[in-house]
Amino acid sequence: MKDLLLKIILFLLALFIFFWLYQDAERDDRGEIMSAGNVDAMSLRVGDCFNDVATKNIVEDEVIEVSSVEGVPCSTPHLSEVFAQSSSLFNDYNSHPDEETLSNNSYDYCSEQLPLFLSLDLFSEQADTQIEEFNNKITLNFYYPTEEGWRSGDRSVDCIITSKGEDLLISYKDIYKN
């Protein structure tokens, strides 16, 4: 009888731990993440802050698939933030583009969107200093559709800033706004 009771307790404990580890992030009425949890990569929104262990140590130009991330409030330690999205960047393509096309088009789009998200005035006196400061801490990444996702109709690109080292503790939205 004690063995059965012990097995039941261990099973319930394992079940609790499983659901605790894999709970979805909670969002408020504005859609901002309010408590940490799982976020499907297809459900990311501009302004979402998250941790993605798979991409933390990614080598430059390395391509990996991401299906979900740990969404967190931007006021808590995080590695990445979504700063722009496009669902129409690849609408002119009938078939899944090659990796180079996906990467180049995504990079060009995200590079154009980044100063807008940061409220960075590229013509201001401080621009060079701000860009250097930013580039020392942050790198530009993006998620684009896999072949499987493409067959399912995914054409979206998520533009992401990711820390090069230390955790980020704030949102970078409008960080250079005067």
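Quick caveat: nothing in here was measured; it's all calculated off a predicted structure.

Undergrad: Residues and numbers for unusual backbone geometry, please.
TA: Of note, the phi angle at serine 119 is positive, near 60°, even though the residue is not glycine. Its location among the elements puts serine 119 in the loop between α3 (99-118) and α4 (127-137). Relative accessible area serves as the criterion here: at 22%, serine 119 is assigned to the partly exposed category. The backbone of aspartate 174 shows a phi angle near 60°, a positive value even though the residue is not glycine.

Undergrad: Before we move on, could you go through the pattern of salt bridges and cite the residues and values that matter?
TA: All told, the structure shown has four salt bridges when counted by the stated rule. Residue arginine 27 pairs with aspartate 48 through a salt bridge whose shortest N-O separation is 2.7 Å. Of the two residues, arginine 27 sits in strand β1 (residues 26-27) while aspartate 48 sits in the loop between β3 (37-40) and β4 (49-51), which places them 21 residues apart along the sequence. For arginine 27, a relative accessible area of 27% gives the class partly exposed. Linked through salt bridges whose partners overlap, the residues forming this network are Asp28, Arg30 and Glu32.

Undergrad: Before we move on, can you summarise a nonpolar patch on the surface with the specific residues and values?
TA: A cluster of nonpolar side chains, Leu169, Ile170 and Ile175, forms an exposed patch at the surface whose accessible area comes to about 250 Å². Mapped onto the secondary structure, isoleucine 175 falls in the segment after β8 (157-163). The partly exposed category is assigned to isoleucine 175, whose relative accessible area is 32%.

Undergrad: Which residues make up α3, and what are the values?
TA: The first and last C-alpha atoms of α3 sit 28 Å apart over 20 residues, in line with the 28 Å expected at 1.5 Å per residue. Within the sequence span of α3, burial applies to Leu102, Ser106, Tyr109, Cys110, Leu114, Pro115, Phe117 and Leu118. Residues of α3 that are buried sit in contact with β6 (80-86), α4, β7 (138-143) and β8. Positive phi appears at serine 119, one or two residues downstream of α3, with a value of about 60°.

Cut-offs and rules
- Residues numbered from 1 in each chain as written.
- Predicted model: local features only at pLDDT ≥ 70, side-chain atom pairs only at ≥ 80, totals over all residues.
- Heavy atoms only, no water.
- Helix = DSSP H or I, 4+ residues; strand = E, 2+ residues; numbered from the N terminus.
- Buried < 20%, exposed > 50% of the residue type's maximum accessible area, 1.4 Å probe, protein only.
- Salt bridge = Lys/Arg side-chain N within 4 Å of Asp/Glu carboxyl O.
- Patch = residues over 30% accessible without salt bridge, like charges linked within 9 Å, V, L, I, M, F, W, Y side chains within 5 Å.
- Areas by Shrake-Rupley, 256 points an atom, 1.4 Å probe, with all protein chains shown as cover.
- Expected span 1.5 Å × (residues − 1).
- Contact = heavy atoms within 4.5 Å.

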